[in-house]
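Chain by chain, the residues run as shown.
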Amino acid sequence: MRAGDLLRKLDQRLLPRLAATVTRLGNGPGHTPLLGWVAMLSCTAVLATAVLATGGPPVPDRTVGEVTRVGVVEGDSIPRYEATAAADLAALAGSLGDGTYALVSLTEYLTPDRLAAVVGDVGVAVVFGRVPLPQRQTEIVRIPAQRVPEDVTAGMIKLAERKEREAADYRARATALGGGGPTERELRGLYLSGAQVAAAEAAAFRAECACLYALVVRAEPAKLRGVAARSGVRVVDPAPEVRRLERTVFTPPLPEQRDVVRPPVDRTATPEPIPSATPVATPTGVTTTTGGPSVPVPTVAEPTVADRSPAPPRVTDSSPSPSPPPPAPRASAGTPSTSADTADTGDPEPTP
């Protein structure tokens, strides 16, 4: 019986009798101390009944504020990480109920269709990707997905729409920026450079680019070991400690990171402003404009690796949400640029 139903029955049975008793005692001599005791005992009985009916006081969520991290961080040795993950996978217990989460890193960037061949019958929760523009840092994106490639493709379309809005906003800011001093010219160039990168990312996502490099799966240990043996899989890092995806930070290595974890090189261009120009991204990786000259954009390709001093990367969810106008792009940064979106609070659970 639920606590609410039990308390209602108590009210219906006890309150009339209690009211009659209080009334009778109130008409007699020396009633004041006795009334207090009766009221206190009645409240205690009701509270005790409610606690027993609900199984005790509510238990607080002890995981609030805790964040589990799975993957690599700046400066980690990639071969050591791969060896440690392989050893953990081999030592994983044979039966873990409904399975365990694991971070699967790939040897190269894949399209959604090619990723489906790698996934097979394993339950997927999240897919990670980025557009690998040469010598430019691009945004790491996190796409919730249960069905591959359908959910991944839909997530990439949403990302393309957001990137197109970012590119348009950057160009509008560059056009509206007044002044011809060195500071204004530098800021205008950074806005236009950011617009170029955003437009190139949008075109790549719309074309279902080879941009996917890791995923989070959930499966039994035996099936995870089978995934590790598949072509294109670099490492399977089991994470039995993960209970809630929204409180877990996954940082898989990029395919081009081979020895030590370091970010891609970022050589930010500073093109001249294009007045009243509207970008149109073409499949060849070149952004043309209406009302101004064309601006070349790097084609999608494997980036090179260079030593930089990075900041900790953050990850963006692809689910649609109102986003503020993008800030002015920096001249250089240590990690692939990411937005400040928080981790999603409703990742779909994978279907085993």
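Rules used in this analysis
- Note on numbering: residues in each chain are counted from 1, in written sequence order.
- Reporting in this predicted model follows two pLDDT cut-offs: at least 70 for local features of residues, and 80 or more for side-chain atom pairs to be given and counted; totals over whole chains, interfaces and linings ignore these cut-offs and use all residues.
- Calculation of side-chain values draws on the structure's entire complement of heavy atoms; hydrogens and water are dropped beforehand.
- A run of H or I in DSSP counts as a helix once it spans at least four residues, and a run of E counts as a strand once it spans at least two, with each numbered from the N terminus.
- Each residue's exposure class comes from its accessible area (1.4 Å probe, protein chains only) as a fraction of the maximum for that residue type: buried when under 20%, exposed when over 50%, partly exposed otherwise.
- By definition in these notes, contact holds between two residues if any of their heavy atoms fall within 4.5 Å.
- By nonpolar core is meant a set of buried Ala, Val, Leu, Ile, Met, Phe, Trp, Tyr and Cys residues that side-chain atoms within 4.5 Å join together.
- Salt bridges are defined by distance alone: a side-chain nitrogen of Lys or Arg within 4 Å of a carboxyl oxygen of Asp or Glu.
- Strands are treated as partners if at least two bridges between them are detected by DSSP.
- Working definition: a disulfide is two cysteine sulfur atoms within 2.5 Å of each other.
- To pair, rings of Phe, Tyr and Trp, with the six-membered ring standing in for Trp, must have centres within 6.5 Å; the planes then decide the type, stacked if under 30 degrees apart, edge-to-face if over 60, and tilted in the middle.
- Any N or O atom pair separated by 3.5 Å or less is treated as a polar contact, with the protein-specific requirement of one donor-capable and one acceptor-capable atom, and with residues adjacent in sequence counted only for side-chain atom pairs.

Visitor: Help me out: how do you make sense of the overall build of the chain in this one?
Guide: Along the backbone of the chain there are seven helices and 10 strands. Scored against the burial criterion, the 352 residues of the chain give a buried share of 39%. Counting contacts in the chain only where the partners sit at least 6 residues apart, residues at least 24 apart contribute 80% of the total.

Visitor: Looking at this structure, I do not really get the nonpolar core. What am I missing?
Guide: Within soluble globular proteins, side chains that are nonpolar generally end up buried alongside one another. Ranked by size, the top nonpolar core spans 36 residues in total, and within it Phe205 and Leu215 carry the most contacts. Residues in contact with Phe205, not counting those within four places in the same chain, are Val131, Val141, Met156, Leu159, Ala160 and Cys211.

Visitor: In this structure, what is going on with the pattern of salt bridges? I would like to understand it.
Guide: Close approach of charged atoms allows side chains of opposite charge to pair. The full count for this structure, using the stated rule, is 16 salt bridges. In this structure, Arg234 engages Glu82 in a salt bridge whose closest nitrogen and oxygen atoms are separated by 2.8 Å. Of this pair, Arg234 sits in strand E6 (residues 233-239) while Glu82 sits in helix H3 (residues 78-91), and the two are 152 residues apart along the sequence. Overall, Arg234 belongs to the buried group, its relative accessible area being 13%. Owing to a relative accessible area of 25%, Glu82 belongs among the partly exposed residues under this scheme. Linking Lys163 and Glu166 is a salt bridge whose minimum nitrogen-to-oxygen distance equals 3.5 Å. Here Glu166 and Lys163 lie together in helix H5 (residues 150-176), a separation of three residues that amounts to about one turn.

Visitor: What is the right way to look at the pairing of strand E2 (residues 100-110) in this model?
Guide: Two faces belong to every sheet, and in a regular strand the side chains alternate between them. Of all 11 residues making up E2, nine are buried, and the element is well covered by its neighbours. As paired elements, E2 and E6 share six bridges and run antiparallel to each other. Bridge pairing in E6 links Ser105 to Val235.

Visitor: In this structure, what is going on with the state of the cysteines? I would like to understand it.
Guide: Here is the idea: a disulfide is a covalent bond, and it sits between the sulfur atoms of two cysteines. All told, the structure shown has one disulfide when counted by the stated rule. Bridging Cys209 to Cys211, the disulfide has an S-S length of 1.7 Å. The disulfide joining Cys209 to Cys211 has a torsion of about -120° about its S-S bond and is therefore left-handed. Like Cys211, Cys209 is buried.

Visitor: Even after reading the chapter, I still don't get the packing of aromatic side chains, so can you show me in this structure?
Guide: For any pair of aromatic rings, the description rests on two quantities: the centre-to-centre distance and the angle between the ring planes. One pass over the full model with this rule turns up three aromatic pairs. Both rings, one in Tyr109 and one in Tyr213, keep their centres 5.8 Å apart while their planes meet at 70°; by these two values the pair is edge-to-face. One end of the pair, Tyr109, is in strand E2; the other, Tyr213, is in strand E5 (residues 212-219), with 104 residues separating them in the sequence. Accessibility assignment for this pair places Tyr109 and Tyr213 in one class, buried.

Visitor: Honestly, the environment of Val236 in this entry has me stumped. Any pointers?
Guide: Assignment of secondary structure puts Val236 in strand E6. Each C-alpha atom, one on Val236 and one on Val104, is 4.6 Å from the other, the two residues being 132 residues apart in sequence. Once residues within four sequence positions are removed from consideration, Val236 is found in contact with Ala85, Leu89, Ala102, Leu103, Val104, Leu224, Val227 and Ala228.

Visitor: Help me understand the side chain of Thr248 in this model?
Guide: Considering the arrangement of structural elements, one finds Thr248 in strand E7 (residues 248-251). Assessed through its relative accessible area of 3%, Thr248 is described here as buried. Of the polar contacts made by the side chain of Thr248, one reaches the backbone oxygen of Arg244; its length is 2.9 Å. Not counting the four nearest positions on each side in its chain, Thr248 is found in contact with Thr68, Val70, Arg142 and Val242.

Visitor: Honestly, the pairing of strand E3 (residues 123-129) in this entry has me stumped. Any pointers?
Guide: E3 sits mainly inside the fold: seven of its seven residues count as buried. Inspection of the sheet shows E3 paired to E5 by six bridges, in the antiparallel sense. Considered in E5, the bridge of Gly129 is made with Leu212. Pairing analysis gives four bridges linking E3 to strand E4 (residues 141-144), with the strands arranged antiparallel. Residue pairing for E4: Val127 is matched across the bridge by Ile143.

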